[in-house]
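Fold and contact review
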Amino acid sequence: MDRAILNPAIRPHRAGPLPRLARVVGLALLVGALGACSGDVVRSLASDAGYGPRVVAAPDFVTDTRSKAQPDFMPVGVDAPKRPVRAKSVTGQKALEAELEGARGRNEARGRAAASAGRGAAAAIKPAPAAPQ
């Protein structure tokens, strides 16, 4: 019985070194072609020959409205400077708490007034008569 059938790890022998040489040469050509494409020289030659992207100048209204100064963007990967954190004192915390409690009380009172005004207005509204069929 054939050993390749019994053990799938055993593969039949391929004919000669020529297929292996062809694969190595093909791989070398592919790597060389891809390596050359990443160069700026090839890119500039292709665009000069008309195969690259066309360079389109920005319209006048775009160049006129853009600032000539360097923009103040934060570079990528750089953290913003740390801001100094000042904790509130105990009296400041109590004052803030009292201010927020007062605002909540005022908002609840306004809500109750609006609800009672809505109930009074709803009682005065008569339903629309049914449409004749």
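The written sequence of each chain sets the order in which its residues are numbered from 1. Note on the predicted model: pLDDT of at least 70 is required for a residue's local features to be given, and 80 or more for side-chain atom pairs to be given and counted; whole-chain, interface and lining totals, by contrast, use all residues. To obtain the side-chain values, all non-hydrogen atoms of the structure were included, while hydrogens and water were left out.

A helix here means a DSSP run of H or I that spans at least four residues, while a strand means a run of E at least two residues long, and both kinds are numbered starting from the N terminus. Secondary structure assignment for the protein yields five helices and zero strands. Beginning at the N terminus, the succession of helices and strands in the protein can be written as α-α-α-α-α. Relative accessibility under 20% of the residue-type maximum defines a buried residue, over 50% an exposed one, and the middle range a partly exposed one, all with a 1.4 Å probe and only protein chains included. When each of the 133 residues of the protein is scored for burial, the buried share is 1%. Of the roughly 13100 Å² that the protein leaves accessible, carbon and sulfur atoms contribute 62%. For the accessible areas, the method is Shrake-Rupley and the probe is 1.4 Å, while residue cover comes only from the protein chains on display.

A word on the confidence of the model for the protein. Values of pLDDT, the confidence the predictor places in each residue, fall between 0 and 100. Looking at the protein, the pLDDT average stands at 78 and 79% of residues meet or exceed 70. Confidence, expressed as mean pLDDT per element, reaches its minimum in the protein at helix H1 (residues 3-6) with 56 and its maximum at helix H5 (residues 90-124) with 92.

Below, the discussion takes up a nonpolar patch on the surface. Each patch is assembled from residues with relative accessible area greater than 30% and no salt bridge, linking like charges that lie within 9 Å and nonpolar side chains (Val, Leu, Ile, Met, Phe, Trp, Tyr) that lie within 5 Å. The rule for a salt bridge is simple: a side-chain nitrogen of Lys or Arg has to be within 4 Å of a carboxyl oxygen of Asp or Glu. On the surface, Leu21, Val25 and Leu29 cluster together into a nonpolar patch covering about 300 Å² of accessible area. The residue Val25 is located in helix H2 (residues 18-37) in this model. Judged by its relative accessible area of 43%, Val25 falls in the partly exposed class.

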